[in-house]
2 protein chains.
Amino acid sequence: MTTRRDAVHDTLRRSEGFRSAQDVYAEMRSDGAKIGLTTVYRALQALADGGKVDVLRTDDGESVYRACASGDHHHHLVCRRCGRTVEVAGPDVERWAESVGAEHGFTEVTHTVEVFGTCAACSAAARAS
Amino acid sequence: MTTRRDAVHDTLRRSEGFRSAQDVYAEMRSDGAKIGLTTVYRALQALADGGKVDVLRTDDGESVYRACASGDHHHHLVCRRCGRTVEVAGPDVERWAESVGAEHGFTEVTHTVEVFGTCAACSAAARAS
DNA sequence: GGGATTTTGACAACCATTTTCATTCTGGTT
DNA sequence: AACCAGAATGAAAATGGTTGTCAAAATCCC
C-alpha cells in the first residue's frame with residue numbers, strides 16, 4: 001500500500017531543494033509521523049525507480065532526492081549554500097553528449113549533468129556578512 | 001616524502017579507466033608493494049586535491065580515481081562495461097553551464113558532466129554472445 | 001647523534017545504506 | 001466474522017567504503 005510512499009513523496013514535495021533520506025526521515029518524525037527509516041529508504045528508492053523523483057549524489061557520497069515538477073529529462077541548477085534548485089533544460093547538451101558518444105563509437109549513450117552555484121540571495125547574504 | 005604518493009600515482013597511470021581506492025590498493029599489494037589501505041586513501045585524496053587526478057562517484061557511492069592526461073578542465077566518456085575512458089572537451093557545454101547559471105542569478109558557477117555509454121568493443125562483444 | 005616532525009599503517013570507529021526477519025496490514029474469499 | 005496469502009513495515013543487526021586514532025617507523029634539521 002502506497003500510503004507510506006505517498007507520505008514520503010509529499011514530504012519531498014514540500015522541500016525546495018534536494019533532501020537526503022535521513023533528512024526526510026527526521027522531518028517526518030518531527031512532524032509526528034510514525035514511520036521507520038527503512039521504509040523511507042524503500043519509498044525513496046521506489047519513487048526514484050518509477051521516475052517520480054530525481055536522485056543525485058552529494059560530494060560526500062550521500063544520496064539526495066527531489067520531487068521534480070516535470071517527468072521529462074532535465075538537469076538541475078543547485079545553490080551550494082541553501083540547496084535551492086532550479087530545473088533547467090539543455091537541448092544543446094543532450095545533442096552534444098549524443099554526438100560525443102557517437103564520435104568515439106559508443107552506443108547507448110547517457111549522461112549526467114549538474115550545475116552548481118551560489119544563488120542571488122546567498123551571495124547577497126555572503127557579501128553582507 | 002612523496003614516495004608512497006608517487007607509487008599510487010604510477011599505479012593509477014597504468015590503468016585505462018577509473019579505479020577505486022580499494023582497487024588500487026589490491027593491485028599494489030598483488031604487485032608486491034608494501035603499503036597500507038589508509039595510505040592509499042590519503043594519497044588519492046592528496047592527488048585529487050592537487051588536481052593531479054580526477055574523481056567521480058559511481059552509482060553505488062564509491063569514489064573512483066583516474067590520472068588524466070591533461071590538467072585542463074575536461075570531461076569523460078566512460079564505457080559502462082569495461083570502464084575504458086576517453087577524455088573529451090566541450091566548450092559548448094562550459095558556455096551553456098555558465099549562461100544557465102547567470103540567467104538565474106547564480107554566481108561562482110561550476111558543473112559536473114559525465115557521459116556514459118558502451119564502447120565499440122563492448123557492444124560488439126555483447127552482440128556476439 | 002639526538003630530538004622534533006612527518007608519514008605510515010593496523011585497527012577501531014563512523015555512518016549511510018541494506019538486509020534480515022518477525023510482526024502488522026491489506027484485500028479477497030468463504 | 002473468521003481466515004488466509006502475500007505485501008508492507010520497522011527494529012535491530014550486518015555491510016562496506018571511508019575516516020579517525022595512535023603508536024611505531026622513516027625523515028629532516030641542527
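Scroll up to find the structure.
Residues numbered from 1 in each chain as written. Chains lettered and ligands numbered in written order. Predicted model: local features only at pLDDT ≥ 70, side-chain atom pairs only at ≥ 80, totals over all residues. Heavy atoms only, no water.

A.B. asks: What is the right way to look at the interface of chain A and chain B in this model?
C.D. replies: By a widely used convention, the size of an interface equals the accessible area lost when the partners come together. Contact with chain A, which involves 37 residues of that partner, is made by 37 residues of chain B. Ranking the residues of chain A by area buried against chain B places Arg 57, Trp 96 and Phe 106 of chain A at the top, with a combined share of 23%. On inspection of chain A and its partner chain B, the count reaches zero salt bridges. One can count 16 residue pairs in polar contact (both at pLDDT 80 or more) joining chain A with chain B. Looking at which element gives the most residues to the side of chain A that touches chain B, the answer is strand E6 (residues 107-118) of chain A, with 12 residues. Taken together, the residues that form the side of chain A that touches chain B break down as 17 nonpolar, 13 polar and seven charged. With nine bridges connecting them, E6 of chain A and strand E6 (residues 107-118) of chain B associate as antiparallel partners. Across the sheet, the residue bridging to His 111 of chain A is Val 115 of chain B, located in E6 of chain B. (Contact = heavy atoms within 4.5 Å. Buried area = accessible area lost by both parts, 1.4 Å probe. Salt bridge = Lys/Arg side-chain N within 4 Å of Asp/Glu carboxyl O. Polar contact = N/O pair within 3.5 Å; in protein donor to acceptor, adjacent residues only side chain to side chain. Helix = DSSP H or I, 4+ residues; strand = E, 2+ residues; numbered from the N terminus. Nonpolar A, V, L, I, M, F, W, Y, C, P; charged D, E, K, R; others polar. Pairing = 2+ DSSP bridges.)

A.B. asks: Hey, could you run me through the nonpolar core in this one?
C.D. replies: General note: in soluble globular proteins, nonpolar side chains tend to be found buried as a group. Counting 28 residues, the largest nonpolar core has Leu 77, Trp 96 and Phe 106 of chain A together with Leu 77, Trp 96 and Phe 106 of chain B as its most contacted members. Elements supplying a minimum of two residues to this core: strand E4 (75-79), strand E5 (85-88), helix H4 (91-103) and E6 of chain A together with strand E4 (75-79), strand E5 (85-88), helix H4 (91-103) and E6 of chain B. Apart from the residues lying within four places of it in its own chain, the contact partners of Leu 77 of chain A are Arg 84, Thr 85, Val 86, Val 88 and Val 115 of chain A together with Val 100, Gly 101, His 104 and Phe 106 of chain B. (Core = buried A, V, L, I, M, F, W, Y, C linked by side-chain atoms within 4.5 Å. Buried < 20%, exposed > 50% of the residue type's maximum accessible area, 1.4 Å probe, protein only.)

A.B. asks: How do you make sense of the state of the cysteines when you look at a structure like this?
C.D. replies: Each disulfide consists of a covalent bond between the sulfur atoms of two cysteine residues. All names here are of chain B. Taken as a whole and assessed by the stated rule, the structure comprises zero disulfides over all chains. Distance from the sulfur of Cys 79, which forms no disulfide, to the nearest cysteine sulfur (Cys 82) is 3.6 Å. For Cys 79, a relative accessible area of 2% puts it in the buried group. There is no disulfide at Cys 122, and the cysteine sulfur nearest it, in Cys 82, is 3.7 Å away. (Disulfide = S-S within 2.5 Å.)

A.B. asks: I tried to follow the side chain of Thr 11 of chain B on my own but got confused; where do I start?
C.D. replies: All names here are of chain B. Of note, Thr 11 is situated in helix H1 (residues 3-13). Classification of Thr 11 by relative accessible area gives buried; the value is 4%. Leaving out residues up to four positions away in the same chain, Thr 11 has contacts with Val 24, Glu 27 and Met 28.

A.B. asks: Looking at this structure, how should I read the pattern of salt bridges?
C.D. replies: Pairs can form between side chains of opposite charge whenever their charged atoms are close. Per the counting criterion, the structure on display carries 10 salt bridges over all chains. For the salt bridge of Asp 92 of chain A with Arg 95 of chain A, the shortest nitrogen-to-oxygen distance reads 2.7 Å. Taken together, the residues span about one helical turn, with Asp 92 of chain A and Arg 95 of chain A both in helix H4 at a distance of three residues. We classify Asp 92 of chain A as partly exposed; its relative accessible area is 48%. The exposure class assigned to Arg 95 of chain A is exposed, which follows from its relative accessible area of 54%. Here Asp 10 of chain B and Arg 13 of chain B are joined by a salt bridge, their closest N and O atoms 3.0 Å apart. Here Asp 10 of chain B pairs with Arg 13 of chain B, and both are found in helix H1, just three residues apart, close to one helical turn. Within this structure, Arg 19, Asp 23 and Glu 27 of chain A form a network of salt bridges that share partners.

A.B. asks: What should I look at first to understand the packing of H1 of chain B against helix H2 (residues 21-30) of chain B in this one?
C.D. replies: The description of two helices packed together rests on the angle between their axes and the distance between the axes. Residues and elements named next belong to chain B. Where H1 contacts H2, the two axes come as close as 10 Å, and the packing angle between them is 100°. The angle between H1 and H2 places the two elements in the roughly perpendicular class. When H1 is examined against H2, the residues Ala 7, Val 8, Thr 11 and Leu 12 are found in contact with a partner set consisting of Val 24, Glu 27 and Met 28. Of the residues contributing to the contact of H1 with H2, the split by class is five nonpolar, one polar and one charged. (Axes fitted to C-alpha atoms, helices over the stretch in contact; angles between N-to-C directions. Parallel < 35°, antiparallel > 145°, perpendicular 65-115°, else oblique.)

A.B. asks: What should I look at first to understand the side chain of Thr 85 of chain A in this one?
C.D. replies: Residue and element names in this part refer to chain A. Topologically, Thr 85 is positioned in strand E5. Here Thr 85 falls in the buried class, since its relative accessible area comes to 8%. Of note is the side chain of Thr 85, whose polar atom sits 3.0 Å from the backbone oxygen of Gly 83.

A.B. asks: Hey, could you run me through the protein's contact with DNA strand C in this one?
C.D. replies: Near DNA strand C lie 17 residues; those nearest to it are Tyr 41 and Ser 63 of chain A together with Arg 4, Thr 39 and Arg 42 of chain B. Considering the 4 Å shell around the protein, atoms of DNA strand C inside it are sugar or phosphate in 67% of instances. Interatomic distance of 2.7 Å between a backbone N/O atom of Ser 63 of chain A and a phosphate oxygen of DNA strand C. Counting residues per element, the ones that place at least two in the surface near DNA strand C are helix H2 (21-30) and helix H3 (37-49) of chain A together with helix H3 (37-49) of chain B. Here the surface near DNA strand C takes four residues from H3 of chain A, the largest share from any one element. Looking at side-chain class alone, the surface near DNA strand C contains six nonpolar, seven polar and four charged residues. (Near = heavy atom within 4 Å.)

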